[in-house]
Amino acid sequence: MTAPVDPEISALIGEVIEADLLKPNSPELDVARLVALKGQGALDARQRDIFERLVLPILAKPLRDQVAIASILRRGGYVPRKIQY
């Protein structure tokens, strides 16, 4: 039995994937894509576990903050000092 695809979750997953917040070629990326295309009802027990443990926490946090943190980590943790005028 499959549930209908939730358009809001599907759009959010698309934004998370576009922002590279899921590891390339990872199980969590595969599961997120499956949920975006077919809904959560298409998941088996193992996939549901991956979705709940690894994907949902990313979807639950503000996207803007996660993108900023990911950008800092890609630069090796370097945060430029704030310039005060």
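Up top you'll find the structure we're talking about.
Keep in mind that what you see is a predicted model, and the values were worked out from it rather than measured. (Residues numbered from 1 in each chain as written. Predicted model: local features only at pLDDT ≥ 70, side-chain atom pairs only at ≥ 80, totals over all residues. Heavy atoms only, no water.)

### Notes on the packing of helix H1 (residues 7–18) against helix H3 (residues 45–60)
Close contact between H1 and H3 brings their axes to 10 Å; oriented N to C, the two are set at 85°. Relative to H3, H1 is oriented roughly perpendicular. Contacts from Leu12, Ile13 and Val16 of H1 reach H3 at Phe51, Ile58 and Leu59. Looking at the contact of H1 with H3 residue by residue, the class counts come to six nonpolar, no polar and no charged. (Axes fitted to C-alpha atoms, helices over the stretch in contact; angles between N-to-C directions. Helix = DSSP H or I, 4+ residues; strand = E, 2+ residues; numbered from the N terminus. Parallel < 35°, antiparallel > 145°, perpendicular 65-115°, else oblique. Contact = heavy atoms within 4.5 Å. Nonpolar A, V, L, I, M, F, W, Y, C, P; charged D, E, K, R; others polar.)

### A short note on H3
Under the 1.5 Å per step criterion, the end-to-end length of H3 is 21 Å for 16 residues, consistent within 8% with the ideal 22 Å. Helix geometry: H3 is bent most strongly at Glu52, by close to 35°. Those residues of H3 that sit buried are Gln47, Ile50, Phe51, Val55, Ile58 and Leu59. Summarising the contacts, the buried residues of H3 are in contact with H1, helix H2 (27–38) and helix H4 (63–74). The backbone nitrogen of Arg46 lies 3.1 Å from a side-chain oxygen of the residue at the head of H3, namely Asp44. (Expected span 1.5 Å × (residues − 1). Bend = angle between axes of the 7 residues up to and from the residue. Buried < 20%, exposed > 50% of the residue type's maximum accessible area, 1.4 Å probe, protein only. Polar contact = N/O pair within 3.5 Å; in protein donor to acceptor, adjacent residues only side chain to side chain.)

### So, the packing of H2 against H3
Packing of H2 against H3 brings their axes to within 9 Å, and their N-to-C directions diverge by 105°. In terms of axis orientation, H2 runs roughly perpendicular to H3. Listed contacts from H3 to Pro27, Glu28, Val31, Ala32, Leu34 and Val35 of H2 are Gln47, Ile50, Phe51, Leu54 and Val55. Tallied by class, the residues present in the contact of H2 with H3 amount to nine nonpolar, one polar and one charged.

Nothing here speaks to function; it is all geometry.
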